[in-house]
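# Structural overview for review
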Amino acid sequence: QVQLQESGPGLVKSSQTLSLTCTVSGGSSTVRYYGWSWIRQPPGKGLEWMGVINHDGQTYYSPSLKSRTSISRDTSKNQFSLQLTSVTPEDTAVYYCARWAVITMATRLYDSWGQGTQVTVSS
């Protein structure tokens, strides 16, 4: 079983950079494809996909966030990280890391989620 856990500061000042790390343990050798994703949920709103880094190190970002978002990985530590620059209170949300897995053509899902971490951006 793959397990993910977010870590990082829960309070960030406006205009600063939000930095979070997801630590991955366990895993699966049965998936055809997987990507390491960051997803967030602002208060009272739905989930917002932010971006992903895949097994080849390729990154993809939400068009609305790509100018401020960077996802990286450290394979030696089994970690991947999120940096979101120039934050405002609108970036206050619960931030999740999750694994997107393509197991078969008909079975595609986020098969593992972190518990989420609350990040508040102060004004």
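First, a word on scope: everything that follows refers to the structure included in this document. (Residues numbered from 1 in each chain as written. Predicted model: local features only at pLDDT ≥ 70, side-chain atom pairs only at ≥ 80, totals over all residues. Heavy atoms only, no water.)

It is worth spelling out the sheet that holds strand β8 (residues 79-84) at this point. One open sheet holds the 4 strands; their spatial order is β1-β3-β8-β7, and the pairing between them is antiparallel. Either end of the sheet is taken by a strand with one partner, and the two such strands are β1 (3-7) and β7 (69-74). Ignoring strand direction, the axes of neighbouring strands in this sheet form an average angle of 20°. (Pairing = 2+ DSSP bridges. Helix = DSSP H or I, 4+ residues; strand = E, 2+ residues; numbered from the N terminus. Axes fitted to C-alpha atoms, helices over the stretch in contact; angles between N-to-C directions.)

Bringing the pattern of salt bridges into the picture now. The final tally for this structure, using the stated rule, is 4 salt bridges. For Arg-40, the salt bridge goes to Glu-48, with nearest N and O atoms at 2.8 Å. Take Arg-40: its relative accessible area is 5%, and that puts it in the buried class. Of the charged contacts, one joins Arg-40 and Asp-91 as a salt bridge, the two residues approaching to 2.8 Å between their closest N and O atoms. Of this pair, Arg-40 sits in strand β4 (residues 33-41) while Asp-91 sits in the loop between β8 and β9 (93-104); the two residues are 51 residues apart in sequence, bridging distant segments of the chain. Members of the salt-bridge network, linked through shared partners, are Arg-40, Glu-48, Arg-68 and Asp-91. (Salt bridge = Lys/Arg side-chain N within 4 Å of Asp/Glu carboxyl O. Buried < 20%, exposed > 50% of the residue type's maximum accessible area, 1.4 Å probe, protein only.)

The next subject is the packing of aromatic side chains. Evaluation of the coordinates by the stated rule reveals 6 aromatic pairs. Aromatic pair Trp-100 and Tyr-110: ring centres 5.1 Å apart, planes at 65°, arrangement edge-to-face. Pair noted here: Trp-100 is in strand β9 and Tyr-110 is in strand β10 (residues 107-113), with a separation of 10 residues, a long-range link. With relative accessibility at 29%, the residue Trp-100 sits in the partly exposed group. (Phe/Tyr/Trp six-rings, centres within 6.5 Å; stacked < 30°, edge-to-face > 60°.)

Let's shift gears to the state of the cysteines. Taken as a whole and assessed by the stated rule, the structure comprises 1 disulfide. Paired through a disulfide, Cys-22 and Cys-97 show a sulfur-sulfur distance of 2.1 Å. On the S-S bond that ties Cys-22 to Cys-97, the torsion sits near 65°, and the link is right-handed. Of this pair, Cys-22 sits in strand β3 (residues 18-25) while Cys-97 sits in strand β9, and the two are 75 residues apart along the sequence. Of the two residues, Cys-22 and Cys-97, neither departs from the other in class, the shared state being buried. (Disulfide = S-S within 2.5 Å.)

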